[in-house]
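So you can see what is in the structure, the chains are spelled out below.
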Amino acid sequence: GGDMSYWTNRALVVRNFEYCKAMSVARSEHTLHNINFMVHNYFGDPQIHHLQHGNTSTYYVDGTNGDDSNDGLSWGHAFATIHEAISHCNTADEYHLDSIYVAEGMYTETIDMAANVAIYGGFPAGGGDRSVIGYPVYIDDMSTAREVTGNYIKNILLDGLVFMNGSGISFTGSLNVIIRDCTFEMNSASGDGGAIHFDTCSGRLIRNTIMNNYAQD
């Protein structure tokens, strides 16, 4: 229990995660593998899937075949960008999560995350069975900005995404943030958290690979 202020590898910085419990962490100077970092939050056991019921919507993103003028409600009418899909989600209902399915490919965008949204990578272009390894989704904003940011929001799931060549992800004052089966590689930041930066948040990091990320003063 208590407060975990900093990891020794400043590519991953976690401040004020409530009721922290670190499990099965392997780390070296610049590489973290198979992190299972578990905390509890105001929901109790921090599960995201118990919220996924009722009147939820699923939106589809396909960078190869999609178009942001579509309605995003099927693979045949997919959006081209993740941020367009987020803009259509119902972010006001904290008891139901809208889902976004993302097809393989490179997405060169910066994502301003919204509350009550789950994003799943690992689908083939045009739709089909999911395989995070077989159909990787790369998020590379082609700059030094954070690939994903979220401030004072709750109920977020990022699942099966690859973050690379930017400044990783950053959440501040957010609750029930779950990062699962994601990869963070070759990200860097001028401050804390070259891969992941959480400040006064609650959530879980599950089965992520974090390697060759850097942060400097």
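Worth saying up front: this structure is predicted, and the values here are computed from it rather than measured.

A.B. asks: I keep staring at the packing of aromatic side chains and nothing clicks. Help me out?
C.D. replies: Given two aromatic rings, one states the distance between the centres and the angle between the planes to describe the pair. On inspection of all chains with the given rule, the structure shows 8 aromatic pairs. Summarising the aromatic geometry, the rings of Tyr101 and Phe123 are spaced 4.7 Å apart at their centres and angled 20° between planes, so their arrangement reads as stacked. Of the two residues, Tyr101 is situated in strand β6 (residues 98-103) and Phe123 in strand β9 (residues 117-123); the sequence distance between them amounts to 22 residues. Assessed through its relative accessible area of 25%, Tyr101 is described here as partly exposed. Residue classification places Phe123 among the buried residues on the basis of a relative accessible area of 8%. An aromatic cluster of at least three residues, connected via ring pairs, comprises Tyr60, Trp75, Tyr101, Tyr120 and Phe123.

A.B. asks: Explain the nonpolar core here, please?
C.D. replies: Across soluble globular proteins, you tend to see nonpolar side chains buried next to one another. In this structure, Met113, Ile119, Leu158, Ile169 and Phe171 are the most contacted members of the largest nonpolar core, which totals 47 residues. Counting residues per element, this core draws most heavily on β9, which supplies 5 residues. For Ile119, the contacting residues outside a window of four places in its chain are Ile82, Ile86, Ile100, Val102, Met113, Leu157, Leu158, Asp159 and Leu161.

A.B. asks: What is the right way to read unusual backbone geometry from this model?
C.D. replies: The general pattern is negative phi for most residues beyond glycine and trans for most peptide bonds. Its identity as a non-glycine residue notwithstanding, Asn116 has a phi of 60°, on the positive side. Along the chain, the position of Asn116 falls in the loop between β8 (111-112) and β9. Residue Asn116 is classed as buried on the basis of its relative accessible area, which comes to 2%. Within the chain, Asn155 stands out as a residue other than glycine whose phi angle is a positive 60°. Within the element layout of this structure, Asn155 appears in strand β12 (residues 154-159). On the basis of relative accessible area, Asn155 is assigned to the buried category, the value being 0%.

A.B. asks: What exactly am I supposed to notice about the pairing of β6 here?
C.D. replies: Within β6, 5 of the 6 residues are buried, leaving the element largely enclosed by the surrounding structure. Two strands pair when backbone bridges link them, and strand β5 (residues 58-61) and β6 are joined in this way by 4 bridges, in the parallel orientation. Residue Tyr59 lies in a different strand from β6, and its bridge partner there is Ile100. Crossover β5 to β6 through helix α1 (residues 82-88) is right-handed. Pairing of β6 with β9, which is carried by 5 bridges, proceeds in the parallel orientation. The partner of Tyr101 across the bridge, within β9, is Tyr120.

Thresholds, definitions, all that
Residues numbered from 1 in each chain as written. Predicted model: local features only at pLDDT ≥ 70, side-chain atom pairs only at ≥ 80, totals over all residues. Heavy atoms only, no water. Phe/Tyr/Trp six-rings, centres within 6.5 Å; stacked < 30°, edge-to-face > 60°. Helix = DSSP H or I, 4+ residues; strand = E, 2+ residues; numbered from the N terminus. Buried < 20%, exposed > 50% of the residue type's maximum accessible area, 1.4 Å probe, protein only. Core = buried A, V, L, I, M, F, W, Y, C linked by side-chain atoms within 4.5 Å. Contact = heavy atoms within 4.5 Å. Pairing = 2+ DSSP bridges. Right-handed = clockwise from strand over helix to strand, strands pointing away.

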